[in-house]
Amino acid sequence: MKIVFRWFGSDDRITLDQIKQIPGIYGVVSAIYDVPVGEVWPFDKIKRLKKQIENSGLKFEVVESVNVHEDIKLGLPSRDRYIQNYKTTIENLSKIGIKVVCYNFMPVFDWTRTDLNFKLEDGSNVLFYDDDKIKNLDPARLVEEMEKHSGGFSLPGWEPYRLKDLKKLFDLYKDMTEERLFKNLKYFLEQIIPTCEKCDVNMAIHPDDPPWSVFGLPRIVKNYDDLKRITDAVKSKYNGITLCTGSLGTNPKNDLVRMIKDFKERIHFVHARNVKILSEKKFHETAHLSSSGSIDLFKIMKSLHEINFDGYIRPDHGRMIWNETGRPGYGLYDRALGIAYINGLNEAIEKGCDTN
Ligand code: CS2
Ligand code: MN
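So, here's what we can say about the structure.

The rules behind the values
- Residues numbered from 1 in each chain as written.
- Chains lettered and ligands numbered in written order.
- Predicted model: local features only at pLDDT ≥ 70, side-chain atom pairs only at ≥ 80, totals over all residues.
- Heavy atoms only, no water.
- Pairing = 2+ DSSP bridges.
- Helix = DSSP H or I, 4+ residues; strand = E, 2+ residues; numbered from the N terminus.
- Axes fitted to C-alpha atoms, helices over the stretch in contact; angles between N-to-C directions.
- Contact = heavy atoms within 4.5 Å.
- Right-handed = clockwise from strand over helix to strand, strands pointing away.

Here we look at the sheet that holds strand E10 (residues 274–279)
One open sheet holds the four strands; their spatial order is E5-E6-E11-E10, and the pairing between them is antiparallel. A strand with exactly one partner marks an edge of an open sheet, and here the two such strands are strand E5 (115–119) and E10. Strand after strand, the sheet turns through a mean of 35° between neighbouring axes, direction not considered. The pairing of E5 with strand E6 (residues 125–130) spans three bridges and is classified as antiparallel. Across the sheet, residue Lys 119 finds its bridge partner in E6, namely Asn 125.

Here you go:
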């Protein structure tokens, strides 16, 4: 498997030279951040980004994310134009050697948390979620809160265009059911997967984070059955999954090992992170170490070895430690520690220690 690290482009405080020094690193996962959602990513921009990354001795083979325009999720007539643009973006990405495109199909919000700076006993800061806090909250209030506490950094996936008129967007989703949302995903996949086959680019849908309905919006990538329905909807290996342990793992009913076994050839990208479940729908993120949280990373890595996983894996959110400041969840230090841990697990598993 190839170990990669998320990098937010030239605006990222973390440099490619720093990333290059992480042991065992293969490349970075990045995106074009200044093209509005739904528009084509111009070939020249992508080429420039690739060059910049390769000049640092790192590979660029995974994009996270090419976000899906809300009109596609809503199934509006205008979706066809946005789907056409998406296809052109895939073609452009394939020309520079991109192998995997991560995306999600969450309405309105990308990931959701209620606290971006929750202090753990060791003094580190992590992201926290408490469903009770969300229940009676106006979504606009949550956005305000998150933006106030993000330390001035843009929150990945929270595009301003979606958030500027929340009320209007919520109105558009008023009658949206899981069934209709799924139909719209299927329509999207049916259109783009032939392009992916032609271009040899794997799509990898990111699970909903958290994997349940938030603010009454429908969610369709929450569990085994959802993943089964999605992978069956278009039967091509290019219609794949991002296995995000921290997203799926906040529901203790989700059996990640079973998912790895059953969806093996559809898993193109893995997000490794750990969370501590405090009670139902209440959790905080932790260090990657299995004993720090509720997810057994050893079992995950062992299962990935058992299916001979040769795709890409990255540490997902980490804690903020050692006085680092930065984009919530995306500091350098704890994510690098996450990679060191993944390296350790890999070496032990590969050298055949007693894994039972
Ligand atoms: C992250 C997301 O919350 C998470 O687990 O990995 O920011 C993720 O990058 C996007 O939702 C993927 O589209
Ligand atoms: Mn993730």
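There's more to say after this.
Topic: the sheet that holds strand E4 (residues 100–104)
Taken together, eight strands build a closed barrel; the order of strands is E1-E2-E3-E4-E7-E8-E9-E12 and the barrel is parallel. Neighbour to neighbour, the strand axes of the sheet diverge by 30° on average, direction disregarded. Bridge count for strand E7 (residues 202–206) against strand E8 (residues 239–244) is three bridges, and the pairing is parallel. Looking at E8, one finds that Ala 204 is bridged to Gly 240. Together, strand E3 (59–64), E4 and E7 form the strand contacts of helix H4 (residues 79–95), whose direction differs from that of E4 by roughly 150°. Taken strand by strand, helix H9 (residues 178–199) contacts E4, E7 and E8, and its axis lies near 150° from that of E7.

What about the pairing of strand E2 (residues 27–30)?
Judged from the three bridges that link them, strand E1 (residues 2–6) and E2 form a sheet pairing that is parallel. The residue of E2 that forms the bridge with Val 4 is Gly 27. Pairing of E2 with E3, which is carried by three bridges, proceeds in the parallel orientation. What sits directly across from Ser 30, in E3, is Val 63. Between the parallel elements E2 and E3, the chain passes through helix H2 (residues 43–55) in a crossover that is right-handed.

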